[in-house]
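These are the residues of each chain, in order.
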Amino acid sequence: PPTPYIIPSAAYKGTASKDGLRVTLDMTIDVLQKDGWKRIPILPANVAIEQVTLPEGCFLNIQGGYYQVLTQKSGKIGLSVQFAVAVGENRGVFSGSFNRVASAAGTLSMKLEEKDAKLTVQGAQTTKTDGDTVTAALPSSGAIAISWQRAIKETLVAAKIYAESQTLVSVAEGVIIGRQNVRFSILHNKVDGFSFQLPKGARVLSVTGSNIRDWRTEGDALKIDLSYPHIGAWNAVITTEKAVGKDAAAEVPILKASGIEREKGFAVVVAVSNVEINTASMKGASAIDVRELPATLVGMTNQPILFSYRYASKDFSIQLGIRKHEDVAVLRTAVDSASAMMIQTEDGIVLTNFLMNVRNSRNQFLKLKLPKDSEIWSSLVAGKAVNPAKAADGTLLIPLVRSGSGSGHTAFPVEITYVTRGETLSVTQEKKLKLELPRLVSPITQYMVTLYMPQDFRLPKDREDYHGPLRFVKRFMSLSAGPQSARTSAEDNAERIRQVQQQQAQRAAANQGVQAISVKLPVHGKPYFFEKILVLAEDLWVEFEYEYEGD
């Protein structure tokens, strides 16, 4: 045979008391080897055998730390052994254990003599309690460890729940958004859900937290179901919204937990639009300084905290007075500098190159009005050719890009070239000439004009002989800011401005991979310079008398 014997089953049955374990082992052995003596271990030698029943031809022996059955027989052998195991006690827990030999099937039935105690079989696969008797199914081998202690009577104690909330209230135009972080402390017993009373007119947007199976609103209540009963700490974040009128009082949307022992919390109010907020009334709450708020609540917003409150009562309310004011438009596009280079010809044609440094946050167009009888030749924005549009009133609409997000927004160049047809210059007598200039809706910090007259025509030398919003200058104001800004040569400064703006256009065009189209002016004649600081959507022109000095 592959093995001398096998043990199909072993059943242990007995009683447990603080005096010891008294166990009866009923074992079945199948002896497969027919010839010779067989040694079959049944129990460890450290237990005390009180009585043994063996079939004829079988003998009990001790060797190698085990009680053994010696036999020359073969076939099935049934035996019964009564033995005792010592029991120890540690902090009210009684326990006893012994090793067992391997068997295909193993069961244990133990009766506990001590009343009001709970018995445990370590390593058992299944246990069943019937009165004071515990029945266990054992694995094939290993020690049997039995322990018991005084049973604790289970009493039905209602759970006690405490709640603490931190609520961020954001007031916008026509709506209040509440983001409430609520922390529960659950004592004594488990709960499988929570209930909240909704503020009047509030709507729940979202509920997040661990172990949430489902949430729903029923009338004026919010119900949260958990996936399994919970005890201890539990957190949830609840977001609500509430519609409010233009000028009205509204209750702060803070949900109140139902069926709890005590509730306390903090709330802060911030404004996210142009609304005026004040505390209309309070009940069961008090206003506190921002420095008294928890750091976690302060960290929930980047907006200035207008009001902060604390409450420690289930019956509280905070009413806010909300008033909406009209929005005031702010500047979206500004022109740091505008430089017009104008070439006046004898036959009355004026060719103008108009360069601007523009900062734009979100306007779609730069609105520009050209002089009467003008024809645009080219238009460049940040070095890229664009197609302007024309509004119904004749205003030129130049598509803009958005400035970079640097400090104060980064300026970019806008360049247009256009031609204006006027009257032919007179060579026989003194004549008066009026040159209209481009008009922008956006404010201009510095408006500079460089006018080239034909070589044989002379203009006045004194400022008093020039008329219009711009003044005749020999030096342009420096582009640096401040009332004490230095002055430089008008001719040199005009050329420097033109070079800088052309470089910006070329750099932008190179970055975009676009070849900018630019019209070069035939610059000749004597230059004259005009300037105005701070132009606010006004008509601009230069008017003067001229003389002919040719042959």
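Above this note sits the structure.
Residues numbered from 1 in each chain as written. Predicted model: local features only at pLDDT ≥ 70, side-chain atom pairs only at ≥ 80, totals over all residues. Heavy atoms only, no water.

1. Considering the overall build of the protein
- When you go through the protein residue by residue, the secondary structure sums to 2 helices and 43 strands.
- Considering the protein as a whole, with its 551 residues, one finds that 41% of them fall into the buried category.
- The long-range share in the protein, meaning contacts at least 24 apart out of those at least 6 apart in sequence, stands at 74%.
- Summed over all atoms, the accessible surface of the protein reaches about 29,900 Å², with 48% contributed by carbon and sulfur. (Helix = DSSP H or I, 4+ residues; strand = E, 2+ residues; numbered from the N terminus. Buried < 20%, exposed > 50% of the residue type's maximum accessible area, 1.4 Å probe, protein only. Contact = heavy atoms within 4.5 Å. Areas by Shrake-Rupley, 256 points an atom, 1.4 Å probe, with all protein chains shown as cover.)

2. Quick word on the sheet that holds strand 8 (residues 88–90)
- Read from one edge to the other, the open sheet built from 4 strands follows the order 8-9-14-11, with strand pairing classed as antiparallel. A single partner strand is all that each edge strand has here, and the edge strands are strand 8 and strand 11 (117–122). Averaged over all neighbouring strand pairs, the angle between strand axes comes to 25°, with direction disregarded.
- Of the strand pairs in this sheet, strand 8 and strand 9 (residues 93–100) are connected by 3 bridges, and their pairing is antiparallel. (Pairing = 2+ DSSP bridges. Axes fitted to C-alpha atoms, helices over the stretch in contact; angles between N-to-C directions.)

3. Comments concerning the sheet that holds strand 35 (residues 431–436)
- A sheet is described by the order of its strands in space; here 3 strands give the open sequence 35-43-38, paired in antiparallel fashion. Unpaired on one side and paired on the other, strand 35 and strand 38 (457–458) mark the two borders of the sheet.

4. A closer look at the side chain of Thr420
- Among the structural elements, Thr420 can be located in strand 34 (residues 412–421).
- Looking at Thr420, its side chain comes within polar contact range of the side chain of Ser374, at 2.7 Å.
- Dropping the residues within four chain positions of it, Thr420 is found in contact with Gly348, Ile349, Val350, Pro371, Lys372, Asp373 and Ser374. (Polar contact = N/O pair within 3.5 Å; in protein donor to acceptor, adjacent residues only side chain to side chain.)

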